[in-house]
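Report on the structure
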Amino acid sequence: MQNTKSMKTLAKLLLFCLVCALAANPGGAQSRQRPQNFVVIFCDDLGYGDLGSFGNPTIRTPHLDRMAAEGQRWTSFYAADSVCTPSRSALLTGRLPIRTGMFSDTNRVLFPNSTGGLPASEITIAELLKTRSYATAAIGKWHLGWQPEYLPMKQGFDSYFGIPYSNDMDAVVKFSSRAEYHAFMKNPKREYWNVPLQRNEEILERPADQTTITKRYTDEAIKFISANKSKPFFLYLAHSMPHMPLFRSKDFENKSARGLYGDVIEELDANVGRLLDTLRQLKLDRNTLVVFTSDNGPWALFDEQGGSAGLLRGAKGGTYEGGMREPTIFWQPGTIKPGVVTDLGATLDLLPTFCNLAGVPAPADRVLDGYDLTAVLHGKGRSPRQMMPYWRGSKLYALRHGSFKAHFITKSEYGGEPEVTHATPELYNLDIDPSEKWNVAAKHPEVIAEIRRLAEAHRKAIPPVENQLDKRIAAPTGK
Ligand code: MG
């Protein structure tokens, strides 16, 4: 009798403590405990069809395939732009480049002679997580401004190790024709590009030895995780591969049936394996959400040395699916419900999702273009994202709403010919026709009318902002 009474008192006390904790932490269960860790592995120019788990017949990616089997493989997940700089800005801020100034109709990305960058007024995932005392590191390609005021440490990261812009910039070889340019890109030597490898603001190596760069980024990532195993951390690991020119280390030379490009992807895969093994060994796997994706589609200009968009039409630089739909995996054993997700998602959604999971309020003083994907990740609901806009510079080229995508404007990825504005947009049902082969505009005027209405409302809600990508020291040098 006495025991039963004690048990009841104890139960009441526990209930009282729980209520008090919930009242003090409206963010709920997540925010009562040590917040979970976040790792974003962001490849450069990886195609939708370049992983075994996304249908590649020859490239071997056992670690990513295991990650996909243990986690969620997303088949309609988008980068926010079809080229590097705008895409990266959107992942870190949860905002479209058209809102942050990280777009241009002239210079599609930042170059070594650019003087702009991600404005300090933008709030990144790293800055938000800092409010809960996360350790934060940016490793790899930055490409959001190389001058000191734009480096990662000014955007909420404690440290930075990597190259400040693309691995094909600072070219020191001169080429006089397109053929010569392609020959240099396809037979790369370290000394052709004077791209620096730096730690914070200090240049460690110039030109960077890119043959070991995938491994060295991962070494740094493992060091960071190990050093911060007892506190919450956010790691942004933006690999510079498989962006052309392609490099891989000795251990991966001539190993893949897919040739040099396959070697590069297999090395990336092995290094993802090293990182996940570290999390397992440190018993951090169940408390760390790892996201694997890419900044844009494959660089098709370079034939077999560019990747493959698989069954998708188009490539890097364009607004057909191959330019922006990315092979994406979410992994956190015990929390992420394993499976294949066909709902819409985008890199824009990472900021609101991470904020929710970390118990950090998302910025309320500005428009965010992302949605919280927690319910889908935890197997408790559908994605709130119903719409995906496809911007190219200052223009909205296309819009997806549910299954349908309308192209208002089209243009080849890198060709010099003018854009085509369609009086009647091209319309595709992406559920039936992910390859965008069969224009069904004539059959669905009501769908076009609805997407036009949504597009108009979307455009109108975007105020003008200062362009960052056209600020230059001198005349453009690149392509
Ligand atoms: Mg890229």
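Scroll up to find the structure.
All values reported here derive from a predicted model rather than from experimental measurement. (Residues numbered from 1 in each chain as written. Predicted model: local features only at pLDDT ≥ 70, side-chain atom pairs only at ≥ 80, totals over all residues. Heavy atoms only, no water.)

1. A few points about the coordination of the magnesium ion
Within the protein, the magnesium ion binds to Asp44 (OD), Asp45 (OD), Cys84 (SG), Asp295 (OD), Asp295 (OD) and Asn296 (OD1); these donor distances fall in the range 2.1 to 2.7 Å. Taken together, the six donor atoms surrounding the magnesium ion define angles of 52 to 159° at the centre, an arrangement classified as irregular. Read in sequence order, the donor residues coordinating the magnesium ion give the pattern D-D-x38-C-x210-D-N. Placement of the pair is Cys84 in helix H4 (residues 84–93) and Asn296 in the loop between strand E8 (288–294) and helix H10 (321–324), with a sequence separation of 212 residues. In this structure, Cys84 and Asn296 share a single accessibility class: buried. (Donors = N, O, S within 2.8 Å, 3.2 Å for Na, K, Ca; no water. Tetrahedral: all angles 85-135°; square planar, octahedral: opposite > 155°, others 65-115°. Helix = DSSP H or I, 4+ residues; strand = E, 2+ residues; numbered from the N terminus. Buried < 20%, exposed > 50% of the residue type's maximum accessible area, 1.4 Å probe, protein only.)

2. So, the sheet that holds strand E13 (residues 404–410)
Overall, antiparallel pairing links the four strands, which are arranged E11-E12-E13-E14 in an open sheet. Here the strands that pair on one side only, and so sit at the sheet edges, are strand E11 (387–392) and strand E14 (420–429). On average, adjacent strands in this sheet sit at an angle of 15° to one another, irrespective of strand direction. The pairing of E13 with E14 spans six bridges and is antiparallel. Across the sheet, Thr410 pairs through a bridge with Val420, a residue of E14. Running at roughly 130° to strand E12 (residues 395–401), helix H13 (residues 445–460) makes contact with E11, E12, E13 and E14 of the sheet. (Pairing = 2+ DSSP bridges. Axes fitted to C-alpha atoms, helices over the stretch in contact; angles between N-to-C directions. Contact = heavy atoms within 4.5 Å.)

3. Considering the packing of aromatic side chains
Counted under the stated rule, the structure contains 20 aromatic pairs. Between Tyr78 and Tyr390, the aromatic rings sit 5.7 Å apart at their centres with planes inclined by 80°, giving edge-to-face as the arrangement. Linking Tyr78 in strand E2 (residues 72–78) with Tyr390 in strand E11, this pair joins segments that are 312 residues apart in sequence. Across this residue pair, the class does not change: Tyr78 and Tyr390 are buried. Ring centres of Phe184 and Tyr192 lie 5.1 Å apart, and the angle between their planes is 85°; this geometry places the pair in the edge-to-face category. Following the ring pairs from residue to residue traces out a cluster consisting of Phe38, Phe42, Tyr134, Trp142, Phe157, Phe234, Tyr236 and Phe354. A cation over a ring is seen here: Arg313 above Tyr320, with NZ or CZ 3.9 Å from the ring centre. (Phe/Tyr/Trp six-rings, centres within 6.5 Å; stacked < 30°, edge-to-face > 60°. Lys NZ or Arg CZ within 6 Å of the ring centre and 35° of its normal.)

4. Describing unusual backbone geometry
Going from Arg206 to Pro207, the amide bond is cis rather than trans, its omega being 0°. With respect to the helices, strands and loops of the structure, Pro207 is situated in the loop between strand E6 (202–205) and helix H8 (213–227). Residue Pro242 is bonded to the preceding Met241 through a cis peptide linkage, with omega at 5°. By the secondary structure assignment, Pro242 is in the loop between strand E7 (233–238) and helix H9 (259–281). For Lys283, which is not a glycine, the phi torsion comes out positive at approximately 60°. Turning to its location among the elements, Lys283 is positioned in the loop between H9 and E8.

5. Considering the pairing of strand E9 (residues 328–331)
The two faces of E9 match: Thr328 and Phe330 on one face and Ile329 and Trp331 on the other face are all buried. Taken together, the three bridges between E2 and E9 define a ladder with antiparallel strand orientation. Counted as the bridge partner of Trp74 is Thr328 from E9. Here three bridges tie E8 to E9, and the two strands are oriented antiparallel to one another. By the bridge assignment for E9, Val290 is matched with Trp331.

6. Quick look at the packing of helix H3 (residues 62–70) against H9
Contact geometry of H3 with H9 gives a least axis separation of 7 Å together with a crossing angle of 50°. With respect to H9, the element H3 is oriented oblique. Residues Pro62, His63, Leu64, Arg66, Met67 and Glu70 of H3 form the contact with H9, whose own contacting residues are Asp269, Ala270, Val272, Gly273, Leu276 and Arg280. In terms of residue class, the contact of H3 with H9 is made up of six nonpolar, two polar and four charged. (Parallel < 35°, antiparallel > 145°, perpendicular 65-115°, else oblique. Nonpolar A, V, L, I, M, F, W, Y, C, P; charged D, E, K, R; others polar.)

7. What about the pattern of salt bridges?
Between side chains of opposite charge, pairing is possible as soon as their charged atoms come close. If you walk through the whole model with that rule in mind, you get 33 salt bridges. Here Glu70 ties to Arg66 by a salt bridge, and the two come within 2.6 Å at their closest N and O atoms. Pair noted here: Glu70 and Arg66 are both in helix H3, with a separation of four residues, about one helical turn. For the salt bridge of Glu220 with Lys223, the shortest nitrogen-to-oxygen distance reads 3.5 Å. Here the residue Glu220 and the residue Lys223 both occupy positions in helix H8, the gap between them amounting to three residues, near one helical turn. (Salt bridge = Lys/Arg side-chain N within 4 Å of Asp/Glu carboxyl O.)

8. Considerations on the nonpolar core
With 60 residues, the main nonpolar core has Met67, Leu235, Leu275, Leu279 and Phe292 as its most contacted residues. When residues of this core are assigned to their parent elements, the largest contribution, eight residues, is made by H9. If sequence neighbours within four positions are ignored, Leu275 has contacts with Val39, Ile41, Ala221, Ile222, Ile225, Leu235 and Leu237. Formed by 40 residues, the second largest nonpolar core is a distinct cluster that contains Trp74, Leu128, Ile336 and Cys355. (Core = buried A, V, L, I, M, F, W, Y, C linked by side-chain atoms within 4.5 Å.)

9. Remarks on the environment of Thr278
Mapping Thr278 onto the fold places it in helix H9. Classification of Thr278 as buried rests on a relative accessible area of 7%. Counting along the chain gives 56 residues from Thr278 to Ile222, while the straight-line C-alpha distance between them is 6.8 Å. If near-sequence neighbours (up to four positions away) are discounted, Thr278 is found in contact with Ile222, Ile225 and Ser226. A polar contact of 2.8 Å, which involves the side chain of Thr278, links it to the backbone oxygen of Arg274. (Polar contact = N/O pair within 3.5 Å; in protein donor to acceptor, adjacent residues only side chain to side chain.)

10. Some details on the sheet that holds E8
The strands making up a sheet associate through backbone hydrogen bonding, with each pair oriented either parallel or antiparallel. Read across the sheet, 10 strands follow the order E6-E5-E4-E3-E7-E1-E8-E9-E2-E10 without closing on themselves; strand pairing throughout is mixed. Every interior strand has two partners, whereas the edge strands, E6 and strand E10 (339–346), have only one. Taking the axes of each pair of neighbouring strands and ignoring which way they run, one obtains an average angle of 20° across the sheet. Strands strand E1 (37–43) and E7 of the sheet are contacted by H4, whose axis makes an angle of about 170° with E1. Sheet strands in contact with H8 are strand E3 (135–140), strand E4 (159–162), strand E5 (197–199), E6 and E7, and its direction is about 180° off that of E7.

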